[in-house]
Amino acid sequence: MRVALLIAVTLALALAALAIGRSWLAPQAVLAALADPEGTGRMIWGLRMPRLLVGLIAGAGLGLSGLVFQTLLRNPLASPDIIGITQSAAFGAVCAMMTGGAVMAGAWIGALAGTVVIGWLAWDRRSGISARAAVLQGLGLAILCSAATEALILRASDGNAGMAMTWLTGTLNGIGWPQVQQALWLLPLALPLLLSGRTLDRLELPDDLARALGVRVPQARIGLAALAALLTGGVVALTGPLGFVALAAGPLSRRLARGRPSPVLAALIGASFVTLADILARAISPAALLPTGLYTALIGAPILLIVLAAEFRRNRY
Amino acid sequence: MPRSPILPLLILWCLVTLAFAAALALGAQDIAPGQVMGAIMGDRGPAADVVLGLRLPRAAAAVFVGGALAVAGVVMQTLARNPLADPSLTGVNAGAALAVVLGLMSFGVMPRPLVAALAFGGAAAAAIIVRLLAGHGDTTLRLPLAGAAFASICMSIVALVVLLNPEARNIYRFWMVGSLAMADLQGLAMLVPVGLLGVLCALFAARGIEALMLSDELGAALGVSPGQVLTLALLAIALTAGASVALAGPVGFIGLIAPHIARRIVGSGLSRLILASVPLGAILALVADVIGRVAIRPSELPIGIVLAIFGAPAFMLFARQLVRGPK
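Treat the numbers as computed from the prediction; the structure is a model and nothing was measured. (Residues numbered from 1 in each chain as written. Chains lettered and ligands numbered in written order. Predicted model: local features only at pLDDT ≥ 70, side-chain atom pairs only at ≥ 80, totals over all residues. Heavy atoms only, no water.)

A. Summary view of the overall build of chain B. What chain B contains, in helices and strands, is 13 helices and 0 strands. Starting at the N terminus and walking to the C terminus, you meet the elements of chain B as α-α-α-α-α-α-α-α-α-α-α-α-α. Taken over the C-alpha atoms alone, chain B extends approximately 65 × 50 × 35 Å along its principal axes. Split into buried and exposed, the 327 residues of chain B put 58% on the buried side. (Helix = DSSP H or I, 4+ residues; strand = E, 2+ residues; numbered from the N terminus. Buried < 20%, exposed > 50% of the residue type's maximum accessible area, 1.4 Å probe, protein only.)

B. A look at the overall build of chain A. Helix and strand content of chain A: 15 helices and 2 strands. Its C-alpha atoms give chain A a radius of gyration of 19 Å, within 12% of the compact-globule value 20 Å for 317 residues. Every one of the 317 residues in chain A was classed for burial, and the buried ones make up 56%. Sequence-distant contacts in chain A: of pairs separated by 6 or more residues, those separated by 24 or more amount to 73%. Carbon and sulfur atoms form 68% of the exposed surface of chain A, whose accessible area is close to 13100 Å². Measuring between centres, the 23 positive side-chain charges of chain A sit 7 Å from its 12 negative side-chain charges. (Rg over C-alpha atoms; globule rule 2.2 N^0.38 Å. Contact = heavy atoms within 4.5 Å. Areas by Shrake-Rupley, 256 points an atom, 1.4 Å probe, with all protein chains shown as cover. Lys, Arg positive; Asp, Glu negative; His and termini not counted. Charge placed at Lys NZ, Arg CZ, Asp CG, Glu CD.)

C. Broad picture of the environment of Cys-95 of chain A. In this fold, Cys-95 of chain A is placed in helix H4 (residues 85-99). Along the sequence, Cys-95 of chain A and Leu-256 of chain A sit 161 residues apart, while their C-alpha atoms lie 39 Å from each other.

D. Expanded view of the interface of chain A and chain B. Listed per partner, the contact involves 41 residues of chain A and 42 residues of chain B. For the chain A and chain B pair, buried surface summed over both sides reaches about 3600 Å², with 78% attributable to carbon and sulfur atoms. The interface formed by chain A and chain B holds 0 salt bridges in total. The interface formed by chain A and chain B holds 3 residue pairs in polar contact (both at pLDDT 80 or more) in total. The greatest single-element share of the side of chain A that touches chain B, amounting to 16 residues, is contributed by helix H6 (residues 131-156) of chain A. (Buried area = accessible area lost by both parts, 1.4 Å probe. Salt bridge = Lys/Arg side-chain N within 4 Å of Asp/Glu carboxyl O. Polar contact = N/O pair within 3.5 Å; in protein donor to acceptor, adjacent residues only side chain to side chain.)

E. The UniProt feature "transmembrane region" (unreviewed entry) in chain B, seen in detail. Residues and elements named next belong to chain B. Here the UniProt feature "transmembrane region" (unreviewed entry) sits at residues 59-79, 91-109, 115-133, 145-165, 185-206, 245-262, 274-295 and 301-319. Secondary structure content for residues 59-79 is 100% helix and 0% strand, while the C-alpha to C-alpha distance between its ends is 30 Å. Between the end C-alpha atoms of residues 115-133 the distance is 27 Å, and the span holds 100% helix and 0% strand. (UniProt positions renumbered as here; feature names shortened; annotations may be inferred.)

F. Region of the structure containing the environment of Leu-195 of chain A. Mapped onto the fold, Leu-195 of chain A is located in the loop between helix H9 (187-194) and helix H10 (197-203). The class of Leu-195 of chain A is exposed, set by a relative accessible area of 69%.

G. Molecular detail of the nonpolar core. The biggest cluster of nonpolar side chains holds 216 residues, and the ones touching the most others in it are Trp-175, Ile-209 and Phe-315 of chain B. Ranked by residue count, the leading element in this core is helix H3 (residues 46-79) of chain B, at 16 residues. In contact with Trp-175 of chain B, not counting residues within four places along its chain, are Ala-97, Val-100, Val-101, Leu-104, Met-155, Val-158, Val-245, Gly-249 and Pro-250 of chain B. Residues Ala-19, Ile-20, Ala-33 and Leu-52 of chain A belong to the second largest nonpolar core, which totals 12 residues. (Core = buried A, V, L, I, M, F, W, Y, C linked by side-chain atoms within 4.5 Å.)

H. Up close: the packing of aromatic side chains. One pass over the full model with this rule turns up 1 aromatic pair over all chains. Centroid distance Phe-174 of chain B to Trp-175 of chain B: 4.8 Å. Interplanar angle 85 degrees. Geometry classified as edge-to-face. We classify Phe-174 of chain B as buried; its relative accessible area is 7%. The side chain of Arg-320 of chain B reaches across the aromatic face of Trp-120 of chain A, ending 5.8 Å from its centre. (Phe/Tyr/Trp six-rings, centres within 6.5 Å; stacked < 30°, edge-to-face > 60°. Lys NZ or Arg CZ within 6 Å of the ring centre and 35° of its normal.)

I. Just the side chain of Arg-293 of chain B, in detail. All names here are of chain B. Residue placement: Arg-293 occurs in helix H12 (residues 270-295). At 3.2 Å, the side chain of Arg-293 and the backbone oxygen of Ala-23 are in polar contact. In this structure Arg-293 touches Ala-23, Leu-26, Gly-27, Ala-28, Arg-55, Arg-58, Ser-299 and Glu-300, once residues within four positions along its chain are discounted.

J. A look at the state of the cysteines. All names here are of chain A. For the structure on display, the rule yields 0 disulfides over all chains. The thiol sulfur of Cys-95 is not disulfide-bonded, and the nearest other cysteine sulfur, from Cys-145, lies at 9.3 Å. The partly exposed category is assigned to Cys-95, whose relative accessible area is 27%. (Disulfide = S-S within 2.5 Å.)

K. Representation of a nonpolar patch on the surface within the structure. Taken together, the side chains of Ile-6, Leu-7, Leu-10, Ile-11, Leu-15 and Leu-18 of chain B define a hydrophobic patch exposed on the protein surface, amounting to about 610 Å² of accessible area. Within the fold, Leu-7 of chain B resides in helix H1 (residues 6-25). (Patch = residues over 30% accessible without salt bridge, like charges linked within 9 Å, V, L, I, M, F, W, Y side chains within 5 Å.)

L. Representation of the UniProt feature "transmembrane region" (unreviewed entry) in chain A within the structure. This chain's UniProt record puts "transmembrane region" (unreviewed entry) on residues 48-69, 105-123, 135-154, 222-252, 264-284 and 290-310 of chain A. Taken end to end, residues 222-252 of chain A comprises 84% helix and 0% strand; its first and last C-alpha atoms sit 25 Å apart.

M. Helix H4 (residues 92-107) of chain B, seen in detail. All names here are of chain B. For H4, built from 16 residues, the straight-helix expectation of 22 Å at 1.5 Å per residue is met to within 8% by its first-to-last C-alpha distance of 23 Å. Turning to H4, its buried residues are Val-92, Asn-93, Ala-94, Gly-95, Ala-96, Ala-97, Leu-98, Ala-99, Val-100, Val-101 and Gly-103. Buried residues belonging to H4 abut H3, helix H5 (112-134), helix H6 (142-164), helix H7 (172-177) and helix H10 (226-248). Phi for Gly-108, located one or two positions after H4, is positive at around 75 degrees. (Expected span 1.5 Å × (residues − 1).)

Next up, the structure:
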């Protein structure tokens, strides 16, 4: 029921995203154009459709990996964009770009390295990985990686600030069908995470209880974290670090699922979040074409503040 | 009886002079020490133009910004009993930047006093909001978290406002990470008194803050009124942070690191910490600016990026010690 409702919302947003842009279309016109890819639909099929598809996949991927990290660390703040994994993926991607390597591979290496670093820094012999330490260290890692990324870009582009900005905020500008193809590679990573709801649910229990219910705890944690990191990296390679999508999707999906981790809901929320931000980006400034990540941050930052306030009230920090 | 801080302070100011000289000599084109001296003594020529016209105002601005941010950091760390406090990590710089950018976008070019006033107001408002968000009790982790959230809201609004104005795009990076490239002598002359006033407020409030930090009752017994002291402290933070943001944008991490080094050198005691943090902040800013100008010649890295690259690991280190420390 909730899933059906969210699918409807996502589809409605997708239709709006196809309709809005430099020239606005009525919904019937969009549907008519979709049926006619050679004639009136050329603009929609050539420009808006790939942008929409990559946005949907990126949002779903970020929402999924956000929920997984938040659940593994048992903390709603521990999403990849807060604990620095998104930023280290962006750093890896830009490194690869500068050296002529594969951007996706660079982002994957960056994301995995960021995950390992945070896990290592937040490790404590007595209590395992502490979410408080991970969040605090991640704050530093995020700043470090963003600054290093910007320094790299400024060095390579003779001080071209525009490029640095695009790479630090995330954008759907310049997306075409080749990017859609790359985005489809991410589906094998996303699929196991989409089906991991039951495992995630059990991993929230104390470890011995989860073990009694048949979850191989360390393997499940490492596997899920690696998949989520790779998914984050893959999305970052396509769109750059769209801020706060991963952070916001987890808590919102939990609210809809009565406190349970629901990967499908998180993916749908992430997808509609990015689509909504992209609609805003194109509706507010069609000429300026500001990066979509700016709008995800603008919507997401207040959500971060609400999550924080709730956490503080519960005295978790 | 603690050691007298006079000798360490003297040494620190000598180091500031050295760093200042380096900032005059190094840059896109290095200039020999002799030529730098000549320029200062009154020689004319292209080298003198670079040294006096470009590098001198910039180095002076670095000293000022570094010193002011360091003082803001010391006062914040003491008030919040939190060694992770810093005007950028707590969102104070971002609040000041947002206020100035909103002013610039609605009034166009503004007279400098108005810029300073807006930066001051934004810094004060941000300090109060983040402090309220973090609440009472142990704020070790809450303050940087609330600050990061608040700062990211401010900075996304700044980014949106600046980028929606095509003419304003060239100042985008200045307002996002902070840079000394736009500092000039007129601005410096306007803002130095503001910053100095802030430092004086901090020194004046130092004893009261320390008494309050021990306990409210003790403070009252010593004749300290909490309201007055807190107002003075807030004034000190907002004046110093606001003045430096008005000159150089939201530069980070000086306010975090300078007090930590100062504590190693002169021990505890707020007034001596303030006095030692000023030269330390100045050194950090000068060195970071020189690194930024030399690292990727012929273009340059803004000071804010250099400081983030060195400051973020320092933050992680301090945070690690705190989380691991006795609980």
